[in-house]
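Summary of the model geometry
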Amino acid sequence: MRVRIAPGILSHSDSFPENPLPSPIQKFRQQLQAGRVALGPMVTLSDPSITEALAGSVDFLWYDLEHTAIGLESLKAHLIAARAGQVPALVRVPSGAIAWIKRALDIGADGIILPRVYGPGEVREFVSACRYPPEGTRGFGPHRPADYGRNMNAAFTVQANKDVFVVVQIETLEAVQTLDEILKVPGVDSIVIGPMDLSASMGLLGQLDHPRVKETIQSIVKRTRAAGIFAAIGLGTNAAPVAQAMRDGVHWAMCGSDYNYLIQFADRLYAEIRK
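Just so it is clear, the structure is predicted and the values come from calculations on it, not from any experiment. (Residues numbered from 1 in each chain as written. Predicted model: local features only at pLDDT ≥ 70, side-chain atom pairs only at ≥ 80, totals over all residues. Heavy atoms only, no water.)

1. Describing the overall build of the protein
- On a plain count of helices and strands, the protein comes out with 12 helices and eight strands.
- Taken over the C-alpha atoms alone, the protein extends approximately 70 × 55 × 35 Å along its principal axes.
- Of all 275 residues assigned to the protein, the portion counted as buried reaches 45%.
- By sequence separation, contacts in the protein at least 24 residues apart represent 62% of the contacts at least 6 residues apart.
- Roughly 14500 Å² of accessible area belongs to the protein as shown, and the carbon and sulfur atoms make up 55% of that amount.
- Taking the 27 positively charged and 27 negatively charged side chains of the protein as two groups, their mean positions are separated by 4 Å. (Helix = DSSP H or I, 4+ residues; strand = E, 2+ residues; numbered from the N terminus. Buried < 20%, exposed > 50% of the residue type's maximum accessible area, 1.4 Å probe, protein only. Contact = heavy atoms within 4.5 Å. Areas by Shrake-Rupley, 256 points an atom, 1.4 Å probe, with all protein chains shown as cover. Lys, Arg positive; Asp, Glu negative; His and termini not counted. Charge placed at Lys NZ, Arg CZ, Asp CG, Glu CD.)

2. Here we look at the confidence of the model for the protein
- The share of residues in the protein with pLDDT of 70 or more is 93%, and the mean pLDDT across the chain is 93.
- For residues 1-17, every residue scores under 50 in pLDDT, and the model assigns this stretch three contacts once sequence neighbours within four places are set aside. (pLDDT = per-residue confidence, 0-100.)

3. Observations concerning the nonpolar core
- In this structure, Y63, L75, V91, I112, V168 and I191 are the most contacted members of the largest nonpolar core, which totals 58 residues.
- When near neighbours in sequence (up to four residues on either side) are disregarded, V168 contacts L114, V117, V123, F126, I182, V188, S190, I191 and V192.
- One finds F28, L32, F60 and M254 within the second-largest nonpolar core, a separate group that totals 16 residues. (Core = buried A, V, L, I, M, F, W, Y, C linked by side-chain atoms within 4.5 Å.)

4. A word on the side chain of S190
- Structurally, the position occupied by S190 is in strand β6 (residues 190-193).
- A polar side-chain atom of S190 sits 3.0 Å from a polar atom in the side chain of W252.
- Discounting chain neighbours no more than four positions away, the residues touching S190 are F165, V166, V167, V168, I229, F230, A231, A232 and W252. (Polar contact = N/O pair within 3.5 Å; in protein donor to acceptor, adjacent residues only side chain to side chain.)

5. Quick look at the pairing of β6
- Residues of β6 alternate between two faces, with S190 and V192 on one and I191 and I193 on the opposite face, all of them buried.
- Examined bridge by bridge, β6 and strand β7 (residues 230-235) share four bridges and lie parallel to one another. Pairing of V192 across the sheet is with A232, part of β7. (Pairing = 2+ DSSP bridges.)

6. Things to note about a nonpolar patch on the surface
- Taken together, L45, Y259, L262 and I263 make up a surface patch of nonpolar side chains, about 370 Å² in accessible area.
- Within the element layout of this structure, L45 appears in the loop between β1 (38-43) and α2 (49-54).
- Accessibility expressed as a relative area gives 32% for L45, which makes it partly exposed. (Patch = residues over 30% accessible without salt bridge, like charges linked within 9 Å, V, L, I, M, F, W, Y side chains within 5 Å. Salt bridge = Lys/Arg side-chain N within 4 Å of Asp/Glu carboxyl O.)

Given below as structure tokens:
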């Protein structure tokens, strides 16, 4: 049966309240502020079914454009699936180039992660590129975030500046040495530690249990928290290091990746059966 609606009773703009519930990234911020550690994986595979399947089990998804073959078309499909699953989508871009930042944000990324930071200067440029004037220098051309042009107004830019989750990754000794200055850059929402590259920069590649590496990670977390900024870390699929990072005080942790989960579960299951 077709339902007829009398003219003038409902319109596209006033039939339902706009944004009646917090967006995924707003809920993510609330979770961190409440002291509930957020856990999620890195997504490395192009199929958006990965996002759809994982959305009900995670607190966030980290899409890696730095080390994987994921392109912008595949990323957009993932971001659509993430929004449908109401899970925040953080995108690690390959570099701080404006072209990467603006395109990731304009197709709907909730947050942007800048890898391999060295000092406060590049962080200032990165933060500025993530927010619209007067807070930053982001060029105006949103598509999905502005409902394909329906919400292109001043209120949109204010909310976009407030919501975008800006993350810089500490994985070099140079960044550790300039961390206090990096933490003073206005607009940085979170610091995420990259333990593998950090250990490599210390001449201890992969030795995450080495006392010097552990002390450096703990120092980064402590200094980040003292600055009132969310601390995070990227780790693998072993529970013990993540639990230790939580005890050290991280607010969120990336725990392995989609292919890690596939391989490790398959290996464990088949080994158990073959016994």
